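Given next are the chains, with one letter for each unit.
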Amino acid sequence: MRKLFLVLLISLPSLLYSQQKNNPLYTISGKIIDVSTKLPIEDATIIFKSLDSSQINSGGITNQRGKFSIEVVQGDYIATVEFLSYKTKNLNISSISKDLNIGTIELEIDTEFLAEIEIIGEKSTIAYKQNKVIYTVGKDISSNGGVATDILNNIPAVSVDPNGEISLRGFDTPTVLINGKTSSLSKADALKTIPASSIEKIEVLTNPGAKYRASATGIINIILNKQKDEGLNASITTAGGYRDYYGGMLTLNHKTQKVNFYTNASYFHRNPIKFASYENEYFENGNTISFLNEYSENNSKDNGFTSTVGADFYVSNRATLSTKVNYTNISNKGLTITTSDIFDQSQTAVSTNLREHNGNFDDEIFEFIVDYEQLFEKEGQKLTAYYMHTNDNEVYTNVITNSNISFTTEDYIEDNMLKNNEISVDFTSPVGASSAFTVGYLGVFGEVPFEFTGTVGDNFINFSENINAGFVEFENESDKFYIGIGLRTEFSDYKINYQTLNTTLNKTFNDFFPSTYLEFSLSDSKALSLAYNRSIVRPVYSQLQPFEQRFSETSTYRGNPDLDPVYVDAATLTYMYYGNNLTLSSSLFFNRYNDYSQLVTYETGTQIDGINKLLRTYDNLGKVDYYGVSLTTILKASKMLNFTANANIYNFDQTGIFEIVNDANQPITIDYTQANLNGSFSLLTQIKIPNLFNFQTNVQHNLISEGPVSTRKAYTYANATITKDFLDNNASINLTVDDLFLSNKINRDRFDINYFSKSLTQNKYRTIILSFTYRFNQSKKDRKINFDKKEVNPNY
């Protein structure tokens, strides 16, 4: 009823005016979005006033997808766009004499106005934009006390296993970006140093376009916070918990009309303890010949510090220069004690061993980034560029001792120093009223000197990679249809100098990578889209290095210098429904991996007290077809209760045979040809009781996964968070329990013709964290206008 009244109110003058003047009517259309989130703004008001600004002649409001179409009488006007909490924007329209599509208009938050109003509502946690899912972290109740990986686990179709490995839709390993750039902070260890409260939003792309690197089969883009409030503001967070967990974060921000200065620093200490058990049985000609039982416990004392200092210089109304320095220091001191018992076929003890592995990991990361953005007089025309320099020094120090004198006692140091320079330039310009193109260049020039020194020998490798890439994208959007097409070309050169072997390996990968995204609006609340992209998974230096590394006395790893890249073709068909209280996204996806890179395990022919030694390596085997359905449902049951449910059901169809002759001159054949059904389910529940507390649970279930050489058992786990705001919403207290029932574990069976292995890996204790946050002159991140009520009147 309110919408109808508003439309009549701002349309009536137009109707009367047209009758009086009997002039022709023309249709003015376009789209209104948020300048930072790029999400559509519903119920924004478009107003056409007479030149003396005393009379409204025409107007209208945007629909749920931010689009509008208004009939305006021929004439001269002052045109504006308004919406509560946003700055009013004047449109570059003076005379109406034909139908006109003015394209996409971006509105900017009015921070001064926002600070004065009472916050009584909020937008959805998850939003869908062309070819991406946007997760607003401020809406996640667990964001106060967690880290980046905790938030990732709450995003539909994204999961993080107990080892910190991230997967997308159950299989793909996504490329993690920080503020749209590759970064050393994207590593699993570094992600655990990024406080969740420092993240503004996370973008997930399952079919990245041409502007992204061709090596990205999927993308998770973490956008860090940069305060928008004028003046000086700050926040401080302290946290502590079970077991042996404590840390804190400090943010400072000072913004004027000319400069925005910001800095943050965070520190954490934690002591995770994991255990693993293995029961192995070995065969020969179908008969049991020996057993190996092992139990390991890893006690790791982890410390992490990360800091950012940056500034945005507003050179002019259209030009911004930004500089930033990131510094991260990670230190892990771990002790792994493994008990090994070897038995013969009659379960009689043959030998035993107590293995102590003292492993220290130190990682120091320095990044320097310069960004530049130049807007032009033409609406939508923009030039962006950045330069990034990275130094990332990883040092692993290991000392291994064994009680059994026949086992190998060793110590070694692995030192990796990544030096990387990255340059990017993009230019975007509209074409007509409803189209735009973007062209860009990316140059990446890096090297990783690798040094391995120890009692078993020294290895020195120098790995360098140079990438020169260019892309072009074109998009066109009409009232019902959106099309985006792109083409990327990359020229990549690898050079690996095995100094110990006095040999050099050169690899060159040059190719084209097309992409396309089509979306058709069936109505204001329904849409159908189709996405396709081609990508490449290049081998990294750890997969190529030919030196053997020991996991245990009976298990080692060696890279494959002949490993080829994997080419991926991916397509997704999606149906979207946007309701007032229900949002539904259902997708059918198909990915084909050609020359799939498989991690294989085979017997070397060497025996340790009757136990066959195993070697792990990579090899290109056939292809993999990975296809299935992904369904996400967001239900706003009431103002206090929200549900986000996700289901992924997929089939992993692999073909390929691994063949090799081992060190004992025995032929080894492993057939990986098999298809298996897999899947996962998650339910995120949020209960928000105004003036009392907010509560959130996340329950995830993973189906059994049956592969050609292993089976991972099904498992279910849950997390819970409760938070309370007080002191006029300037302070928050947050309690988070991770892995409520200690059920987040990997229970796997591995099998071959000559062995069967049962393994179990999980955390020994659940994590319980209590955090406190206080904000100084800073609006709470998740404050929003009452978007449910939407009783907004334009400022006539």
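All values reported here derive from a predicted model rather than from experimental measurement. (Residues numbered from 1 in each chain as written. Predicted model: local features only at pLDDT ≥ 70, side-chain atom pairs only at ≥ 80, totals over all residues. Heavy atoms only, no water.)

**Things to note about the overall build of the chain**
Then, number 1: Scanning the chain for helices and strands turns up five helices and 49 strands.
Then, number 2: Radius of gyration (C-alpha) of the chain: 29 Å, near the 28 Å computed for a compact globule of 796 residues.
Then, number 3: Considered along the principal axes of its C-alpha atoms, the chain spans approximately 105 × 55 × 45 Å.
Then, number 4: The burial tally for the chain puts 50% of its 796 residues in the buried class.
Then, number 5: In the chain, the share of contacts with a sequence separation of at least 24, taken over all contacts with a separation of at least 6, comes to 65%.
Then, number 6: As displayed, the chain offers around 35400 Å² of accessible surface, 55% of which is attributable to carbon and sulfur atoms.
Then, number 7: Between the centroid of the 69 positive side chains of the chain and the centroid of its 89 negative side chains there is a distance of 7 Å. (Helix = DSSP H or I, 4+ residues; strand = E, 2+ residues; numbered from the N terminus. Rg over C-alpha atoms; globule rule 2.2 N^0.38 Å. Buried < 20%, exposed > 50% of the residue type's maximum accessible area, 1.4 Å probe, protein only. Contact = heavy atoms within 4.5 Å. Areas by Shrake-Rupley, 256 points an atom, 1.4 Å probe, with all protein chains shown as cover. Lys, Arg positive; Asp, Glu negative; His and termini not counted. Charge placed at Lys NZ, Arg CZ, Asp CG, Glu CD.)

**A closer look at unusual backbone geometry**
Then, number 1: Here Asp-595, not a glycine, exhibits a phi torsion of approximately 55°, which is positive.
Then, number 2: Take Asp-595: it is sitting in the loop between strand 34 (582-594) and strand 35 (597-608).
Then, number 3: A positive phi angle, near 60°, is found at Asp-739, a position not held by glycine.
Then, number 4: Considering the arrangement of structural elements, one finds Asp-739 in the loop between strand 46 (731-738) and strand 47 (745-752).
Then, number 5: Here Asp-739 falls in the buried class, since its relative accessible area comes to 4%.

**Remarks on the sheet that holds strand 6 (residues 78-82)**
Then, number 1: Read across the open sheet, the four strands follow the order 3-2-6-7; overall the sheet is antiparallel. Taken across any chain shown, the strands that pair with only one partner, and hence form the sheet edges, are strand 3 (56-61) and strand 7 (89-90).
Then, number 2: Inspection of the sheet shows strand 6 paired to strand 7 by two bridges, in the antiparallel sense. Bridge assignment links Val-81 to a residue of strand 7, and that residue is Lys-89. (Pairing = 2+ DSSP bridges.)

**Describing the pattern of salt bridges**
Then, number 1: Under the defined criterion, the tally for this structure stands at 18 salt bridges.
Then, number 2: Of the charged contacts, one joins Glu-548 and Arg-558 as a salt bridge, the two residues approaching to 3.5 Å between their closest N and O atoms. Separated by ten residues along the polypeptide, Glu-548 in strand 31 (residues 548-552) and Arg-558 in strand 32 (residues 555-558) bring together distant segments of the chain.
Then, number 3: Ionic contacts of the salt-bridge type, sharing partners, join the residues Lys-31, Lys-67 and Glu-477 into one network. (Salt bridge = Lys/Arg side-chain N within 4 Å of Asp/Glu carboxyl O.)

**Comments concerning the pairing of strand 4 (residues 67-73)**
Then, number 1: When you tally the buried positions in strand 4, you get five out of seven residues, the bulk of the element.
Then, number 2: Of the pairings in the sheet, the one linking strand 1 (residues 25-34) to strand 4 comprises seven bridges and is antiparallel in character. In the sheet register, Lys-31 faces strand 4, and the bridge partner there is Lys-67.

**Examining the confidence of the model for the chain**
Low pLDDT means the predicted atomic positions in that stretch should not be read closely.
Then, number 1: This prediction gives the chain a mean pLDDT of 85; 91% of its residues lie at or above 70.
Then, number 2: Low confidence marks residues 113-123, where pLDDT is under 50. Its contacts with residues over four positions away, or in another chain, come to 24 contacts.
Then, number 3: Confidence drops under pLDDT 50 across residues 780-796; counting only partners more than four residues distant or on other chains, this segment forms 55 contacts. (pLDDT = per-residue confidence, 0-100.)

**Points about empty space enclosed by the protein**
Then, number 1: Per the counting criterion, the structure on display carries six cavities of 30 Å³ or more.
Then, number 2: What the second largest cavity holds in volume is close to 70 Å³.
Then, number 3: Counting only elements with at least two residues in the lining of the second largest cavity, the list comes to strand 29 (503-523) and strand 30 (526-537). (1 Å grid on protein atoms, 1.4 Å probe; cavity = no way out; pocket = protein on both sides within 12 Å on 5 of 7 lines; lining within 4 Å. Points joined across faces, edges and corners; volume = space filled by probe spheres on them.)

**With respect to the side chain of Asn-662**
Then, number 1: Inspection of the secondary structure assignment puts Asn-662 in the loop between strand 39 (657-661) and strand 40 (667-671).
Then, number 2: Judged by relative accessible area, Asn-662 falls into the buried class, the value being 6%.
Then, number 3: At a separation of 3.1 Å, a polar atom in the side chain of Asn-662 contacts the main-chain carbonyl oxygen of Glu-603.
Then, number 4: With near-sequence residues (within four places) excluded, Asn-662 lies in contact with Tyr-602, Glu-603, Thr-604, Gly-605 and Ile-668. (Polar contact = N/O pair within 3.5 Å; in protein donor to acceptor, adjacent residues only side chain to side chain.)

**As for the sheet that holds strand 36 (residues 611-620)**
Then, number 1: One open sheet holds the four strands; their spatial order is 31-32-36-35, and the pairing between them is mixed. One side of each edge strand has no neighbouring strand; the edge strands of this open sheet are strand 31 and strand 35. Within the sheet, the average angular offset between the axes of one strand and its neighbour, ignoring direction, is 25°.
Then, number 2: By the bridge criterion, four bridges tie strand 31 to strand 32 in an arrangement that is antiparallel. Along strand 32, the bridge assignment pairs Glu-548 with Arg-558. (Axes fitted to C-alpha atoms, helices over the stretch in contact; angles between N-to-C directions.)

**Observations concerning the environment of His-269**
Then, number 1: Examined against the element boundaries, His-269 turns out to sit in strand 19 (residues 259-270).
Then, number 2: Taking the C-alpha atoms as reference points, His-269 and Gly-240, separated by 29 residues in sequence, lie 9.1 Å from one another.
Then, number 3: Once you skip the residues sitting within four places of it in the chain, His-269 turns out to touch Asp-244, Tyr-245, Tyr-246, Lys-301, Asp-302 and Asn-303.
Then, number 4: A distance of 2.9 Å separates the side chain of His-269 from the side chain of Asn-303, its partner in a polar contact.

**A closer look at the nonpolar core**
Then, number 1: One finds Tyr-135, Leu-152, Val-158, Ile-166, Ile-202, Ile-220 and Ile-222 to be the most contacted residues of the largest nonpolar core, which totals 32 residues.
Then, number 2: Membership of the second largest hydrophobic core comes to 23 residues, among which are Ile-28, Val-73, Tyr-77 and Ala-79. (Core = buried A, V, L, I, M, F, W, Y, C linked by side-chain atoms within 4.5 Å.)

**Quick notes on the packing of aromatic side chains**
Then, number 1: Enumeration according to the criterion identifies 25 aromatic pairs in this entry.
Then, number 2: Measuring from ring centre to ring centre gives 6.5 Å for Tyr-246 and Tyr-267, while their planes differ by 40°; the resulting arrangement is tilted. Here Tyr-246 is found in strand 18 (residues 245-255), whereas its partner Tyr-267 is found in strand 19, with 21 residues between them in sequence.
Then, number 3: Geometrically, the ring pair formed by Tyr-626 and Tyr-650 is tilted, given 5.0 Å between the ring centres and 55° between the ring planes. Highlighted residues: Tyr-626 in strand 37 (residues 623-636) and Tyr-650 in strand 38 (residues 641-655), separated in sequence by 24 residues.
Then, number 4: Residue class for Tyr-650 comes out buried when judged on its relative accessible area of 6%. (Phe/Tyr/Trp six-rings, centres within 6.5 Å; stacked < 30°, edge-to-face > 60°.)

**Quick notes on a nonpolar patch on the surface**
Then, number 1: On the surface, Tyr-242, Leu-692, Phe-693, Ile-722, Ile-733, Leu-735, Ile-768, Leu-770 and Phe-772 cluster together to form a nonpolar patch covering roughly 700 Å² of accessible area.
Then, number 2: Those elements giving two or more residues to the nonpolar patch turn out to be strand 46 and strand 49 (767-776).
Then, number 3: In terms of residues, the nonpolar patch owes the most to one element, strand 49, which gives three residues.
Then, number 4: Tracing the sequence through the fold places Tyr-242 in strand 17 (residues 231-242). (Patch = residues over 30% accessible without salt bridge, like charges linked within 9 Å, V, L, I, M, F, W, Y side chains within 5 Å.)

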